[in-house]
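# Results of the structural survey
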Amino acid sequence: MSLAGKTAVVTGGSRGIGRAICLRLAQMGARVVINYVSRPEAAEETRAQVEALGGECSLFQFDVADTAGVQDAFQQIAAECGSIDILVCNAGITRDNLLLKMKEEDWDQVMAVNLKGAFNCIKAGCRPMMKKRWGRIIIITSVVGFAGNAGQANYSAAKAGLVGLTRSTARELASRSITVNCVAPGYIDTEMTSGLPDAVKEKILAEVPLNSLGTPEDIAAAVAYLASDEARYVTGQAIHVNGGMFMG
């Protein structure tokens, strides 16, 4: 599954799942463009890891919720790299709380980054793909976008919205040979989950038939497939990578 000669933009690509995706696509021969909004040292570390694999890598700092900033960044990326072939919308935040206690700004911020951010990037990123009549757009949603989760009404709603965005955009872009799919991770072993108390981890594992947390590399493997020519006839789909926690 070679991606030689392709340019892949990964939003939120500096850490965790995003980093694993960047490394996997680089191993497949893609030139990787890493978007990040904070912690530049993490972005530099990911770039170093990509380059250690022999890959090309660029860093672009912008907020996916900033429409004008996204448009400017994607124009610069296309000019620098010559094209944009693969877009992975991975950037996301959480602002968890019970619905009755949730602040309006926490709802708005999660929607702005997680849902509008993907809209901004797809709208800007698909233009070069349409000209080439080839492209891969992969959106990282979540198991909670399908199953829901107490204390995450904002996050769950945004992630569910990404599924609708995936399917609608897939229909719009199919005539240009651009596929649009989403990957729905379950509980993944990242910085966020590593800090959970043992009792919480045990409760999580009790919900997972495979009785283990997933890894960022598990998600990257699904993205790699969808980015490749092997998935040329797959569009508008959600791939669940959750150890059996949700079977939809």
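## Some remarks on unusual backbone geometry
Negative phi values dominate among residues other than glycine, just as trans dominates among peptide bonds. At serine 177, a residue that is not glycine, the phi angle is positive and equals roughly 60°. Topologically, serine 177 is positioned in the loop between helix H6 (153–173) and strand S6 (178–185).

## Quick word on the side chain of arginine 19
Structurally, the position occupied by arginine 19 is in helix H1 (residues 16–27). Those residues in contact with arginine 19, other than ones at most four positions away along the chain, are Gly13, Ser14, Ala42, Glu45, Thr46 and Gln49.

## Concerning the nonpolar core
Ile21, Leu25, Ile86, Val88, Ile138 and Val183 are the most contacted members of the largest nonpolar core, which has 35 residues in total. Of all elements in the fold, only strand S1 (7–10), H1, strand S2 (31–36), helix H2 (40–52), strand S3 (57–61), strand S4 (86–89), strand S5 (135–140) and helix H9 (216–227) reach the threshold of two or more residues within this core. Once residues lying within four places of it in the same chain are set aside, the contact partners of isoleucine 138 are Ile86, Leu87, Val88, Cys89, Asn181, Val183, Val223, Leu226 and Ala227.

## Thoughts on empty space enclosed by the protein
In total, this model carries 1 cavity of 30 Å³ or more according to the counting rule given. Counted as a void, the largest cavity has a volume near 70 Å³. Sort the elements by how many residues they give to the lining of the largest cavity and helix H4 (residues 104–132) lands first, with 5 residues.

## Some points on the environment of glycine 29
Along the chain, the position of glycine 29 falls in the loop between H1 and S2. Glycine 29 sits in the partly exposed class, given a relative accessible area of 37%. When the C-alpha atoms of glycine 29 and glycine 186 are compared, they prove to be 28 Å apart, with 157 residues separating the residues in sequence. Those residues in contact with glycine 29 that lie beyond four places of it in its chain are Leu3, Ala4 and Gly5.

Parameters and conventions
- Chains are numbered independently. Their residues run from 1 in the order of the written sequence.
- The predicted origin of the model limits local features to residues at a pLDDT of at least 70 and limits the giving and counting of side-chain atom pairs to 80 or more, whereas totals for whole chains, interfaces and linings rest on all residues.
- The basis for every side-chain value is the complete set of heavy atoms in the structure, and neither hydrogens nor water enter the calculation.
- Secondary structure follows DSSP: runs of H or I at least 4 residues long count as helices, runs of E at least 2 residues long count as strands, and numbering of each begins at the N terminus.
- Should any heavy atoms of two residues lie within 4.5 Å, those residues are considered in contact.
- Here, the term nonpolar core denotes a set of buried Ala, Val, Leu, Ile, Met, Phe, Trp, Tyr and Cys residues that are joined through side-chain atoms within 4.5 Å.
- Here's how the labels work: a residue is buried when its accessible area is under 20% of the maximum for its type, exposed when over 50%, partly exposed in between, all with a 1.4 Å probe on protein chains only.
- Cavity: a set of points on a 1 Å grid over the protein atoms alone where a 1.4 Å probe fits but cannot get out. Pocket: an open set with protein on both sides within 12 Å along at least five of seven lines, its lining residues, like those of a cavity, having an atom within 4 Å of a point.
- Grid points are joined across faces, edges and corners, and a volume is the space filled by probe spheres set on the points.

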